[in-house]
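Structure at a glance
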Amino acid sequence: QVQLVESGGGLVQAGGSLRLSCAASGRTFSYYGMGWFRQAPGKEREFVAAINWSGGFTLLEDLVKGRFTISRDNAKNTVYLQMNSLKPEDTAVYYCAARSDGYARRTPDDMDYWGKGTLVTVSA
C-alpha cells in the first residue's frame, strides 16, 4: 500500500499561482503512476493531470493545458502540481491518487489509492 498526503492548497486571487505537493509513503513510490483530480462543490470528481512512473509521460486536462504542470521527484517520494494563471473555476478540493502499474491514467476508477485532498480557493 501507499499513503498519500497533499499540501499546498489555500486561498489565492485570480491570476495567481499555487504549487500542490503530494508526499507518498509505504511501497516504493517510483512504481506508481500518479494523478491529480479535483472536485468542486456539487460536481463529480474530475481529472486534472497524470504522470507515469518515470515522469517521462504526462497527461493534462484540456482546461488546464498551458497553465498547470505535473512533475515528480522519485528521490523525494513526491508529485507536484504547479498551477499558474488560476481562475475562479479552478476552485475545488484537489486530490492526489496513485495507480499500482505505473501508468498515467485519467479516470478516477483506474486509481488505486487516494489522499484526503487539499482545498484550493481562487477569488475573483
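Report follows, based on the coordinates. Because the structure is a prediction, the values reported are computed rather than measured. The residue numbering used here restarts from 1 in each chain and proceeds along that chain's sequence as written. A pLDDT threshold of at least 70 governs which residues receive local features in this predicted model, and a stricter bar of 80 or more applies before side-chain atom pairs are shown or counted, although totals over entire chains, interfaces and linings include all residues. Calculation of side-chain values draws on the structure's entire complement of heavy atoms; hydrogens and water are dropped beforehand.

Focus: the overall build of the chain
By definition, any uninterrupted DSSP run of H or I lasting at least four residues is a helix, any uninterrupted run of E lasting at least two residues is a strand, and each is numbered from the N terminus. Scanning the chain from terminus to terminus reveals 0 helices and 11 strands. Put simply, the chain runs from its N terminus to its C terminus through helices and strands in the order β-β-β-β-β-β-β-β-β-β-β. We take the radius of gyration over the C-alpha atoms and set the globule estimate at 2.2 Å times the residue count to the 0.38 power. Taken against the 2.2 N^0.38 rule, which gives 14 Å for 124 residues, the C-alpha radius of gyration of the chain at 13 Å falls within 12% of a compact globule. The principal-axis extents of the C-alpha atoms in the chain amount to approximately 40 × 25 × 25 Å. Contacts are assigned to residue pairs with any non-hydrogen atoms lying within 4.5 Å of each other. Taking all contacts inside the chain whose residues are at least 6 apart in sequence as the whole, residues at least 24 apart take part in 60%. Surface summary for the chain: the accessible area is close to 6400 Å², and the carbon and sulfur share equals 47%. A residue counts as positive if it is Lys or Arg and as negative if it is Asp or Glu; His and the chain ends are not included. Here the site of a charge means NZ on Lys, CZ on Arg, CG on Asp, or CD on Glu. Here the chain contributes 14 positively and 12 negatively charged side chains, and the mean placements of these two sets differ by 5 Å. Accessible surface is estimated by sampling points in the Shrake-Rupley manner with a 1.4 Å probe; for residues, cover comes only from the protein chains shown.

Thoughts on the side chain of Arg67
Mapping Arg67 onto the fold places it in the loop between strand E6 (58-60) and strand E7 (68-73). By relative accessible area, Arg67 is classed as buried at 10%. Pairs of N or O atoms are called polar contacts if they sit within 3.5 Å, as long as, within protein, a hydrogen donor faces a hydrogen acceptor (for residues adjacent in sequence, only side-chain-to-side-chain pairs). Within the structure, the side chain of Arg67 is placed 3.0 Å from the backbone oxygen of Ser85, a separation counted as a polar contact. Excluding residues that lie within four positions of it along the chain, Arg67 makes contacts with Gln82, Met83, Asn84, Ser85, Leu86, Lys87 and Asp90. Buried, partly exposed and exposed residues are distinguished by accessible area as a fraction of the type maximum, computed with a 1.4 Å probe on protein chains only: under 20%, between the cut-offs, and over 50%, respectively.

Re the state of the cysteines
Throughout, a disulfide means two cysteine sulfur atoms within 2.5 Å of one another. Counted under the stated rule, the structure contains 1 disulfide. Sulfur-sulfur distance for the disulfide between Cys22 and Cys96 comes to 2.1 Å. On the sign convention where negative is left-handed, the bridge of Cys22 and Cys96, at about -80 degrees about the S-S bond, is left-handed. Within this pair, whereas Cys22 is found in strand E3 (residues 18-26), its partner Cys96 is found in strand E9 (residues 92-99), the two being separated by 74 residues in sequence.

Let's talk about the pairing of strand E11 (residues 118-123)
Burial along E11 is one-sided: the face carrying Thr118, Val120 and Val122 is buried and the face carrying Leu119, Thr121 and Ser123 is not. Bridge count between strand E2 (residues 10-13) and E11: 4 bridges; the pairing is parallel. Bridge assignment links Val12 to a residue of E11, and that residue is Val122. By this definition, two strands are paired if DSSP reports at least two bridges between them. Across 3 bridges, the pairing between E9 and E11 is antiparallel. Looking at the pairing, Ala92 lines up with Val120 of E11.

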